[in-house]
Amino acid sequence: MEEKQYSDFSQALVEWFTAHGRDYPWRRTTEPWAILVSEIMLQQTTIATVLGRYEAWLRQFPTPAALAAADEQTALRSWEGLGYYRRVRALRAAAIAICERHGGVFPTAEADIRALPGIGDYTVGAVLSFAYNRPAPLVDANVSRVFARVFNDPTPVDSPAGRKRHWQLAAQLVHPTNPRAYNSALMELGQTLCTTGTPTCLLCPVRTFCTAKAPEALPVKLPKKETTTLEHWDIWHLTPAGLLMQQQPDGKRHEGMFRLPRREQHEIAQLPHLCDQKYSVTRYKVTRHLHRDDSAAPRPGECYIPLTQLAATPMASPDRKLVSRFCKLAD
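Reading the values: the criteria
- Residues numbered from 1 in each chain as written.
- Predicted model: local features only at pLDDT ≥ 70, side-chain atom pairs only at ≥ 80, totals over all residues.
- Heavy atoms only, no water.
- Helix = DSSP H or I, 4+ residues; strand = E, 2+ residues; numbered from the N terminus.
- Buried < 20%, exposed > 50% of the residue type's maximum accessible area, 1.4 Å probe, protein only.
- Contact = heavy atoms within 4.5 Å.
- Areas by Shrake-Rupley, 256 points an atom, 1.4 Å probe, with all protein chains shown as cover.
- Lys, Arg positive; Asp, Glu negative; His and termini not counted.
- Charge placed at Lys NZ, Arg CZ, Asp CG, Glu CD.
- Polar contact = N/O pair within 3.5 Å; in protein donor to acceptor, adjacent residues only side chain to side chain.
- Salt bridge = Lys/Arg side-chain N within 4 Å of Asp/Glu carboxyl O.
- Expected span 1.5 Å × (residues − 1).

S.K.: Explanation requested: the overall build of the chain in the structure shown.
M.R.: Within the chain, the regular secondary structure consists of 14 helices and 8 strands. Dimensions of the chain, computed from C-alpha atoms along their principal axes, come out at roughly 75 × 50 × 30 Å. In the chain, buried positions account for 47% of the 331 residues. Once local pairs closer than 6 in sequence are excluded, the contacts in the chain between residues at least 24 apart make up 68%. Approximately 16,500 Å² of the chain is accessible, and the part contributed by carbon and sulfur atoms is 52%. Between the centroid of the 40 positive side chains of the chain and the centroid of its 33 negative side chains there is a distance of 3 Å.

S.K.: Explain helix α2 (residues 32-42) here, please?
M.R.: Counting along an α-helix, one turn takes 3.6 residues, and residues three or four places apart therefore face a common direction. In terms of residue burial, α2 counts as a mostly covered element, since 10 of its 11 residues are buried. Of the residues that open α2, the one with a side-chain oxygen 2.8 Å from the backbone nitrogen of Trp33 is Glu31. Gln44 occupies a position one or two residues after α2 and carries a positive phi of about 65 degrees.

S.K.: How should I be thinking about the side chain of Glu302 in this particular structure?
M.R.: Tracing the chain through its elements places Glu302 in strand β8 (residues 302-305). Of the residues examined, Glu302 reaches a relative accessible area of 11% and is grouped as buried. Side-chain polar atoms of Glu302 contact the side chain of Arg263, separated by 2.7 Å. In this structure, Glu302 is in contact with Leu244, Met245, Gln246, Pro261, Arg263 and Ala297, ignoring residues within four places of it in sequence.

S.K.: Looking at this model, I keep getting lost on the pattern of salt bridges. Mind explaining?
M.R.: Oppositely charged side chains are able to pair whenever their charged atoms sit close together. Under the defined criterion, the tally for this structure stands at 15 salt bridges. The partner of Asp121 in a salt bridge is Arg114, and the shortest N-O contact between them spans 2.6 Å. Several salt bridges converge on common partners, so that one network encompasses Asp234, Arg259, Arg262, Arg288 and Asp319.

S.K.: Help me understand helix α7 (residues 86-102) in this model?
M.R.: A rise of 1.5 Å per residue sets the reference length of α7, with its 17 residues, at 24 Å; its end C-alpha atoms lie 23 Å apart and thus fit the reference within 8%. Listing the buried residues of α7 in full gives Arg87, Val88, Arg89, Leu91, Arg92, Ala94, Ala95, Ala97 and Ile98.

The values reported here are purely geometric and, on their own, carry no functional implication.
What follows is the structure, given as structure tokens:
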């Protein structure tokens, strides 16, 4: 596509989205806090999952002040099932900053938005375009895939050169008067038609601008990191005082959350085996072996959580599943 066609490309996307754009709750609002929440939730989480949680979460925390006033444990518990808990920590830090720096009112200046904790280029572009309808670029995996095909670009999209190229294109192509619809259209095109594998080119609203010779071969990505297999051994120790749990220390992936206590294999190999649990986290495949230990003693970082408090105790989904399963058996 030639540069002189850029405005026609952007307008074609706006017109397509106006006629065919999907209806999501975050597209029915221009409230910047609601937009920020949706964008943080949608990072590394499917639309279907977010649709099931977004509106209820906003009812719990309708304003930055509401989240800023909540303690970290409450914020973590509210995020269960969405994964990547560092996101809700960053969101809470941003809410606190909005209250401290801007009196609880979401900032409008780009520099002030960019200065909020945990806010990167994509999120800045999303808030500016979706909340304030300002012509701001944004690039996600869907946008990169569209650009790689439209411009027939074999540069790996996840390389520094690829990322730089696509951010430059995003800034050049953004619609000057309707960036809200344009950026929504660009992402939706990648979600619905210009998908991974073989795209639906015949229905594409910008197919006349596309220069891809073999679109199914694009985008190119750097070689994936190998999947790492992990195995660990945990204990189930339930007493009248509650269930023995271990709080994750600072710096750990689930910092501040609780998990079933971990032991060395040789320590519990002879104890009654309750179950094995398999799950995946990013590039890790995990197998957990759970054993019942009726004589365990708390170690540093471990404590008893009363059964009445388990529902409000933040824990990752694999632990929540086991706690729900075996506490029901214990009842």
